[in-house]
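# Understanding the architecture of this molecule
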Amino acid sequence: MAARAIGSATVSFGMVSIPIKLYSATESSAAVTFNWLHKKCSSRLKQQYVCPQDEEVVGRDDMIKGYEFAKDRYVTFTPDELKALEEEATQTIEITEFVPIEKIDPIYFDRPYYLGPDKGGDKAYRLLSKAMLETGRAALGRYAARGKQYLVMLRPVGDALVMQQLHYADEIRPQSEVPVGDAQVKDAELKLAVQLVEQISTDSFQPEAYEDDVRKRVRDLIQRKVEGEDISTAPPQAPQGAQIIDLMEALKASLSAKRGAPQPAKAPAAVSEKRKPARHSPREAGARKPAREKASKTSGA
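Report follows, based on the coordinates. (Residues numbered from 1 in each chain as written. Predicted model: local features only at pLDDT ≥ 70, side-chain atom pairs only at ≥ 80, totals over all residues. Heavy atoms only, no water.)

## Structural notes on the overall build of the chain
Worth spelling out the cut-off: Numbering of helices and strands starts at the N terminus; helices are DSSP runs of H or I of at least 4 residues and strands are runs of E of at least 2. Each residue gets one of three labels from its accessible area relative to the maximum for its type: buried under 20%, exposed over 50%, partly exposed in between, using a 1.4 Å probe on protein chains only. For this analysis, residues touch if any pair of their heavy atoms sits within 4.5 Å. Areas reported as accessible are Shrake-Rupley estimates using a 1.4 Å probe. Residue values count occlusion only from the protein chains shown.
A tally of helices and strands in the chain yields seven helices and 11 strands. Burial statistics for the chain: of 301 residues in total, 15% are counted as buried. If you take every contact in the chain between residues at least 6 apart in sequence, the share linking residues at least 24 apart comes to 61%. Looking at the chain as shown, the accessible area adds up to about 25,700 Å², and 52% of this sits on carbon and sulfur atoms.

## Digging into the sheet that holds strand β9 (residues 137-145)
Counted only if it meets this: We treat two strands as partners when DSSP finds at least two bridges between them. Orientation is described by axes fitted as lines to C-alpha atoms, over the contacting stretch for helices, and by angles from 0 to 180 degrees between their N-to-C directions.
Taken in spatial order, the seven strands line up as β1-β2-β8-β11-β10-β9-β7 and close into a barrel, and their pairing is mixed. Strand-to-strand twist in this sheet, taken as the mean axis angle between neighbours without regard to direction, amounts to 40 degrees. Alignment of strand β1 (residues 7-13) against strand β7 (residues 92-100), held across three bridges, turns out to be parallel. Note that in β7 the partner of T10 across the bridge is T92. This element, helix α2 (residues 122-135), spans β1, β2 (16-24), β7, β8 (109-117), β9, β10 (148-157) and β11 (160-166) of the sheet and lies at about 70 degrees to β11.

## Considering the environment of L37
Looking at the element boundaries, L37 is found in the loop between β2 and β3 (49-51). Relative accessible area serves as the criterion here: at 44%, L37 is assigned to the partly exposed category. Excluding residues within four positions of it along the chain, L37 makes contact with S42, S43, R44 and L45.

## Considering unusual backbone geometry
Its identity as a non-glycine residue notwithstanding, S42 has a phi of 65 degrees, on the positive side. Its location among the elements puts S42 in the loop between β2 and β3. Here S42 falls in the exposed class, since its relative accessible area comes to 52%. For E55, which is not a glycine, the phi torsion comes out positive at approximately 55 degrees.

## With respect to the pattern of salt bridges
What counts is decided by this rule: A carboxyl oxygen of Asp or Glu within 4 Å of a side-chain nitrogen of Lys or Arg is what we treat as a salt bridge.
Inspection of every chain in the model, using the stated rule, returns two salt bridges. Where D118 meets K21, a salt bridge forms, and the shortest distance between an N and an O atom there is 4.0 Å. Taken as a pair, D118 in the loop between β8 and α2 and K21 in strand β2 lie far apart in primary sequence, 97 residues in all. What makes D118 partly exposed here is its relative accessible area of 23%. R224 is the salt-bridge partner of E229, the closest N and O atoms lying 3.1 Å from each other. By relative accessible area, E229 is classed as partly exposed at 37%. Of the residues examined, R224 reaches a relative accessible area of 34% and is grouped as partly exposed.

## With respect to the packing of helix α3 (residues 187-199) against helix α5 (residues 247-258)
Spelled out, the test is: In this scheme, roughly parallel covers angles under 35 degrees and roughly antiparallel covers those over 145, while 65 to 115 is roughly perpendicular and the rest are oblique. The crossing is said to be left-handed when, going from far helix to near helix, the turn is anticlockwise and less than a right angle, and right-handed when the turn is clockwise. Note on residue classes: Ala, Val, Leu, Ile, Met, Phe, Trp, Tyr, Cys and Pro are nonpolar, Asp, Glu, Lys and Arg are charged, and everything else, Gly too, is polar.
Following both chains from N to C, one finds α3 and α5 inclined at 25 degrees, their axes separated by 10 Å at the closest point. By the angle between their axes, α3 is roughly parallel relative to α5. At the point where α3 passes α5, the crossing takes the left-handed sense. Residues A188, E189, L192, A193, Q195, L196 and Q199 of α3 pack against L247, M248, L251, K252, S254, L255 and K258 of α5. In terms of residue class, the contact of α3 with α5 is made up of eight nonpolar, three polar and three charged.

## What to know about the pairing of β2
Alignment of β1 against β2, held across seven bridges, turns out to be antiparallel. What sits directly across from S12, in β2, is S17. Hairpin connection between β1 and β2: a loop of two residues separates the two successive antiparallel strands, and G14 in this loop has a positive phi of roughly 65 degrees. Examined bridge by bridge, β2 and β8 share five bridges and lie antiparallel to one another. The residue of β8 that forms the bridge with I20 is P117.

## As for the side chain of Q164
What counts is decided by this rule: Any pair of N or O atoms that falls within 3.5 Å is considered a polar contact. Within protein, one atom must be able to donate a hydrogen and the other to accept it, and sequence-neighbouring residues count only if both atoms are side-chain atoms.
On the secondary structure map, Q164 appears in strand β11. Taking relative accessible area as the criterion, Q164 reaches 5% and is therefore assigned buried. Polar side-chain contacts of Q164 include one of 3.3 Å to the side chain of R155. Leaving out residues up to four positions away in the same chain, Q164 has contacts with F109, D110, R111, P112, L151, V152, M153 and R155.

## Details of the nonpolar core
Counted only if it meets this: To define a nonpolar core, start from buried Ala, Val, Leu, Ile, Met, Phe, Trp, Tyr and Cys residues and group those joined through side-chain atoms within 4.5 Å.
Within the largest apolar cluster, 21 residues are counted, with the highest numbers of intra-cluster contacts made by V11, I20, I93, L115, Y143, L154 and M163. The set of elements that each furnish at least two residues to this core consists of β1, β2, β7, β8, α2, β9, β10 and β11. One finds V99, L140, M153 and L166 within the second-largest nonpolar core, a separate group that totals six residues.

## What to know about a negative patch on the surface
The cut-off we apply is this: Residues enter patches when their relative accessible area tops 30% and they take part in no salt bridge; the joining distance is 9 Å for like charges and 5 Å for the nonpolar side chains Val, Leu, Ile, Met, Phe, Trp and Tyr. Residues scored as positive are Lys and Arg, those scored as negative are Asp and Glu, and His as well as the terminal groups of each chain are ignored. Here the site of a charge means NZ on Lys, CZ on Arg, CG on Asp, or CD on Glu.
Negative charge collects at one region of the surface, where D54, E55, E56, D61 and D62 lie side by side. Examined against the element boundaries, D62 turns out to sit in the loop between β4 (56-58) and β5 (65-70). When its relative accessible area of 63% is taken as the criterion, D62 is described as exposed.

Given below as structure tokens:
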């Protein structure tokens, strides 16, 4: 089924204008949510706003919006004033510069959208896409919509263009605020860690190999509950392996596990295979029987 456009705009770079349509690039995760019900009758509860000073429920008609400029001090705004504060939607994605795509840190990435050409924009759309592919660059620009101005990045993905909303610099917390300690890594530890990384590395990202197992499990349990089953008893969890404290031992154990090293449990099977009796004639078998019985009695002593 063809995607449904959620809006339209114009991409502008230089003197070139490209009419485009916007499409959602992602779907809601459909997270499992629960509603608050009245314990007495199981009716769904409604949210209300209560004034703590007057101790009364406040209706929508009696609400106004305010901005807290100091502790417990607000300046209020009328609907017209709030509308005047909003950025006017220009419906234009104005490209300001092109930068190497690898220079844009993914930490700035926010919501993605697909862009498709609108009527009359096919050739210019394809031209912009091919130019960015040829130069290995992405486009940075501004886009005003829904009362806000967004910093956006345009990049080619396959035959389409993706518009990625970006966070502004002042919205990203500095990494220096995160304590990382001053532990020293030994060369031997680093060598094993690199081996482990290379051992479980792949050359491409395959998102279809992953799914939300927790959401799937919760949905299955909810369905069982709907069908009348008791799900209060949690399913038994598989016992976890012994905790390895030593970092070198943990790395060695990880490498061994990934290499498919034989487990100790397989050793007895190998021994029994070596002791498997060869085929003999009935006369030879009878002659050897007392010796085996003697050996069995000796081993049991």
